[in-house]
Amino acid sequence: MLSNIKHFDKLYEELFRSMNQFRKLKFSEMFPEVCKTDYFVLCTIMDKGENGQITISELAARAKMLPPAISRTLKGLEERGYVERNVNKNDRRNTYVELTEAGRQLTEEARQTMSDFGKSVMSQVDEADMKRLISYLDNIYHIAEKEIEARKGQGRRKEKEDE
């Protein structure tokens with residue numbers, strides 16, 4: 001394990017800098033019609049919808065987004081003609097979302113673009129190195145997840161106790 005604190009701090013900073021830089025990639029330059037969130041929501045609707053439809057609450061759960069964020073995203077997609085909402089006639093509390101033909105076409109094109117991009121990037125990386133990296137990142141993620149769970153609420157509570 002890492003024992004030198006300065007060395008550990010530097011590695012920690014480098015790990016998070018390295019991971020964070022992926023957020024800065026400008027995927028939208030490959031398909032400017034949609035942002036990352038739009039793309040993810042469109043793909044979730046296409047993949048998970050029963051009979052091409054999914055409820056808004058199910059979409060929020062599958063996309064791991066809060067309902068207000070899903071509603072904002074859907075509003076923009078609906079205004080651009082990529083999705084439509086339909087109220088369930090048997091249970092008016094449920095609203096279903098489905099892709100329009102334009103939304104289906106856009107999602108398929110964006111997926112193909114991302115697939116081509118991914119293949120191009122991955123073809124330049126050794127497969128064994130990539131598998132090891134994925135395994136390492138998954139391991140670090142699970143360790144971090146457990147640490148966060150163990151430390152929930154400690155920051156503010158500790159500050160108040162020290163006062």
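Residues numbered from 1 in each chain as written. Predicted model: local features only at pLDDT ≥ 70, side-chain atom pairs only at ≥ 80, totals over all residues. Heavy atoms only, no water.

A.B. asks: Account for the packing of helix α2 (residues 36-48) against helix α3 (residues 56-63), with residues named and values stated.
C.D. replies: Following both chains from N to C, one finds α2 and α3 inclined at 115 degrees, their axes separated by 10 Å at the closest point. One finds that α2 runs roughly perpendicular with respect to α3. Seen from above, α2 lies across α3 with right-handed handedness. In this structure, α2 uses Phe40, Val41, Thr44, Ile45 and Lys48 to contact α3, whose residues at the interface are Glu58, Leu59, Arg62 and Ala63. Looking at side-chain class alone, the contact of α2 with α3 contains five nonpolar, one polar and three charged residues. (Axes fitted to C-alpha atoms, helices over the stretch in contact; angles between N-to-C directions. Helix = DSSP H or I, 4+ residues; strand = E, 2+ residues; numbered from the N terminus. Parallel < 35°, antiparallel > 145°, perpendicular 65-115°, else oblique. Left-handed = near helix turned anticlockwise from the far one by under 90°. Contact = heavy atoms within 4.5 Å. Nonpolar A, V, L, I, M, F, W, Y, C, P; charged D, E, K, R; others polar.)

A.B. asks: Got a sec to walk through a nonpolar patch on the surface? Specific residues and values, please.
C.D. replies: On the surface, Phe8, Tyr12, Phe16, Met19, Leu133, Tyr136, Leu137 and Ile140 cluster together into a nonpolar patch covering about 740 Å² of accessible area. Among the elements of the structure, α1 (5-20) and α6 (127-151) are those that each provide at least two residues to the nonpolar patch. Tracing the backbone through its elements, the reader meets Tyr136 in helix α6. (Patch = residues over 30% accessible without salt bridge, like charges linked within 9 Å, V, L, I, M, F, W, Y side chains within 5 Å. Areas by Shrake-Rupley, 256 points an atom, 1.4 Å probe, with all protein chains shown as cover. Salt bridge = Lys/Arg side-chain N within 4 Å of Asp/Glu carboxyl O.)

A.B. asks: Got a sec to walk through unusual backbone geometry? Specific residues and values, please.
C.D. replies: Even without glycine at this site, Lys64 takes up a positive phi of about 55 degrees. Mapped onto the secondary structure, Lys64 falls in the loop between α3 and α4 (67-79). Given the relative accessible area of 76%, Lys64 is considered exposed. (Buried < 20%, exposed > 50% of the residue type's maximum accessible area, 1.4 Å probe, protein only.)

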